[in-house]
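Notes for the structure review
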Amino acid sequence: MKLVSACLAGIPCRFDGKAKPSAAAQTLVASGRALAVCPEQVGGLPTPRPAAEIAGGDGSDVLAGTARVVTAAGADVTEHFINGARAAAQRAVDAGVEEALLKSKSPACGCTRIFDGTHSGRLKEGHGVFAAALKERGIRVTEV
């Protein structure tokens, strides 16, 4: 079983209320071979919602309590990201997920590069909070 970011499956759950459909993700979900999850919604954030970025590190640092997830207006949404990442990662484990196809650059789902926390459009190496939670549980992550 695989897991895909819900926005890649065509579900309009991104911060801007839109989807980012991927044919591969949609095919996996439609065939029953993948579970679609939005960890930000699982964590209780609404759609749409203000864009957020990780300040002071990456997803592993957020889970360790040494970095925060904040909006451009300065609202701290760290707990929503942590709670959603942990709950969604547990769903993945319970479903027998071995691999996840995640949305690139996301503060939740990014796997190689994420926005740098300044809300300036710049990227840095690192992974999002959900990607980090999945990795902690031994689930392979790739991104689209």
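Look up: the structure comes first, before these words.
Below or above, wherever it landed, is the structure these notes cover.

Quick notes on the rules
Residue numbering note: each chain is counted from 1, following its sequence as written. This being a predicted model, a pLDDT of at least 70 is required before a residue's local features are given, and a value of 80 or more before pairs of side-chain atoms are given or counted; all residues contribute to the totals for chains, interfaces and linings. Based on all heavy atoms of the structure, the side-chain values leave hydrogens and waters out of the count. Only DSSP runs of H or I reaching four residues or more are called helices, and only runs of E reaching two or more are called strands; each is numbered from the N terminus. What we call a nonpolar core is a set of buried Ala, Val, Leu, Ile, Met, Phe, Trp, Tyr and Cys residues that are connected through their side-chain atoms within 4.5 Å. Whether a residue is buried, partly exposed or exposed follows from its accessible area with a 1.4 Å probe, protein chains only, as a fraction of its type maximum: under 20%, in between, or over 50%, in that order. Whether two residues are in contact is decided by their heavy atoms, any of which lying within 4.5 Å being enough.

What follows concerns the environment of Thr142. By secondary structure assignment, the location of Thr142 is in strand E8 (residues 140-143). Sequence separation between Thr142 and Cys7 is 135 residues, and the spatial gap between their C-alpha atoms is 15 Å.

The peptide bond linking Thr47 to Pro48 adopts the cis configuration, its omega dihedral lying at -5 degrees. Within the secondary structure, Pro48 sits in the loop between helix H2 (39-42) and strand E3 (52-55). Positive phi, close to 70 degrees, is recorded for Lys105, a residue that is not glycine. Backbone geometry at His119 places phi at a positive 60 degrees, although glycine is not the residue there.

Next up on the list: the nonpolar core. Counting residues in hydrophobic clusters, the biggest one holds 31 residues, and the most contacted among them are Leu3, Val69, Phe81, Leu102, Val129, Phe130 and Leu134. Every element with two or more residues in this core is listed here: E3, helix H3 (59-64), helix H4 (78-94), strand E5 (99-102) and helix H5 (129-136). The contacts of Phe130, once residues within four sequence positions are left out, are Leu3, Pro39, Ala85, Ala88, Ala89, Leu102, Ala108 and Cys109. By size, the runner-up hydrophobic cluster in this structure holds eleven residues, among which are Cys13, Ala34, Cys38 and Leu101.

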